[in-house]
Structure formats: C-alpha cells, structure tokens
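A closer look at the structure
The chain contents come next:
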Amino acid sequence: METFDLSRRLAAEALGTGILVATVVGSGIMAETLTRDVALALLCNTLPTGAILVVLITVLGPISGAHFNPAVTLVFTGRRELPVNEAALYIVAQIAGGIAGTIAAHLMFGLPLLDLSTKVRTGGPQWFAEAVAAFGLVATILAGIRFQRAAVPWLVGLYITAAYWFTASTSFANPAVAIARSLTNTFSGIRPIDLPGFILAELCGAIAGMLMMNWLLGHAKARGPVPVAETRS
C-alpha cells in the first residue's frame, strides 16, 4: 500500500471531516426547508450522511485511514497503530475541518458563517445513546478491518444510517462532528453547553468498543467452530 506523508494525511482528515459535516448540516438545512415532518426530515438527513461516508472512506481511506473522528483516532493510538504526536495533529485537523464544513454549509444556504445552536440535547438517555453509538462504530470498524477490509466503507456507512434511527441521540458518535454541529442553529445542531456530556460519552463508548473487540478478536484459533454439517458426517 502506498504511504503518504503526514501533511497529506492531515489534509485528508480535514477534508473528509469537513465534507462529512457539510453533508450533515447541509442536508439538515435542506430537510427543514422542504418539510415540517420531523421524521421525514431525519430521513433526509440520514441517507446523505450514510452515503457520503461510503464515498469519503473509499477515496480518502488509502491516504489517512479515514478516521474523521477523534474517538476513532484515539482507538488506533490505543492499539499502537498511530503515534501520539500524529494522533494529536489528526484530532486538530478533524476539528478544524469540521468547523470549516459547518461554515461551508452555511455559505451554501445563505446563513451566517457560524451560529451557536440552541437545540437541547442532554440527559442520561442521550449520553448513553452516544456511548452505544460510538461503541458500535468502533466495533464495526475493527471487525470490518479484521474480516472484510474492502467492505469497511459500506459497513460504516450502513452502521451510521441505522444508528441515526435506533439511538436516542441520532448517533453523533464523533467529537469533532459534535463540536462543528454546535456552531449551527439548524436541524442538526447541539447546544455548546451540551457538548461535554456528548463528547465524554462518545469517548467512553469508543474505549469500551476497543476493549471488547480486542478481546473478541484476539487469540483466534486456526480453525473456528466445526460446521453442523461436518458433525453429522
């Protein structure tokens, strides 16, 4: 596999996170413009997000690994697959790219460049939902890399599409995206005051996902369980 220098990897992380946030925020604004049905608006927000993840991970993954998410970066650092100093730069790039994505979405729809959100997203159920969302995302990524590396873009896109609907928080699962979404007072926004709870829950969920998958995927035997058909032969 071709290796890219750090500056190009950081640019890929910023670009990917920016496009992801622009998609999340922009599709939310479009949905609010077109319908007053909240369920339909959420669907209009969900599908573009899942779709763009497939695209971004496919085209930028070979450059930077396509983390686009500080929690994911910390997981790979914890697994000793990314040096701490590079991880710190990845996270800065992701946050900066996410903020740029919010600005881009606002520019496209003629809104102020930045507008602090007033949308309340807080409380135990929301935080637990974020932990679950991040846990599932990390589990999907690590198992996907182990068993179906080529399918990871689709696995992540489909997981987030599903998690939008089965989690009470609509699955932010990403501290950089959460920060960027606090700067838009639109459908996808979150109050800045609610960020600490979300980010802490995401990090806890990501760490739990890493620990679970490290155990689950470790110490594999050369051959798995004997298929039922063989036990009857």
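Residues numbered from 1 in each chain as written. Predicted model: local features only at pLDDT ≥ 70, side-chain atom pairs only at ≥ 80, totals over all residues. Heavy atoms only, no water.

1. A word on helix H3 (residues 70–78)
- Counting buried positions over the nine residues of H3 gives seven, a clear majority of the element.
- Of all the residues in H3, the buried ones are Pro70, Ala71, Val72, Thr73, Val75, Phe76 and Thr77.
- Looking at the buried side of H3, the elements it contacts are helix H4 (84–108), helix H5 (124–147), helix H7 (175–181) and helix H8 (195–217).
- By the N-cap criterion, in which a side-chain oxygen at the helix start approaches the backbone nitrogen of a residue two or three places on, H3 is capped by Asn69, the distance to Ala71 being 2.9 Å. (Buried < 20%, exposed > 50% of the residue type's maximum accessible area, 1.4 Å probe, protein only. Helix = DSSP H or I, 4+ residues; strand = E, 2+ residues; numbered from the N terminus. Contact = heavy atoms within 4.5 Å. Polar contact = N/O pair within 3.5 Å; in protein donor to acceptor, adjacent residues only side chain to side chain.)

2. Considering the confidence of the model for the protein chain
- In the predicted model, the protein chain carries a mean pLDDT of 94, and 93% of its residues have values of at least 70.
- Segment residues 226–233 is flagged for pLDDT under 50; beyond a separation of four residues in sequence, or across chains, it makes two contacts in the model. (pLDDT = per-residue confidence, 0-100.)

3. Structural notes on the packing of helix H1 (residues 6–34) against H4
- Between H1 and H4, the shortest axis-to-axis distance is 6 Å and the interhelical angle comes to 35°. As for how H1 packs across H4, the hand of that crossing is right-handed. Packed against H1, whose contacting residues are Leu6, Arg9, Leu10, Glu13, Ala14, Thr17, Gly18, Val21, Ala22, Val25, Gly26 and Ile29, the element H4 presents Glu86, Leu89, Tyr90, Ala93, Gln94, Gly97, Gly98, Gly101, Thr102, Ala105 and His106 at the interface.
- Broken down by class, the residue content of the contact of H1 with H4 amounts to eleven nonpolar, nine polar and three charged. (Axes fitted to C-alpha atoms, helices over the stretch in contact; angles between N-to-C directions. Left-handed = near helix turned anticlockwise from the far one by under 90°. Nonpolar A, V, L, I, M, F, W, Y, C, P; charged D, E, K, R; others polar.)

4. Notes on H4
- With 25 residues, H4 extends 36 Å between its outermost C-alpha atoms, agreeing within 8% with the 36 Å of an ideal straight helix rising 1.5 Å per residue.
- If you check which residues of H4 are buried, you get Glu86, Ala87, Tyr90, Ile91, Ala93, Gln94, Gly97, Gly98, Gly101, Thr102, Ala105 and His106.
- Each element contacted by the buried residues of H4 is listed here: H1, helix H2 (38–64), H3 and H7.
- Just beyond H4, the residue with positive phi is Gly110, at close to 70°. (Expected span 1.5 Å × (residues − 1).)

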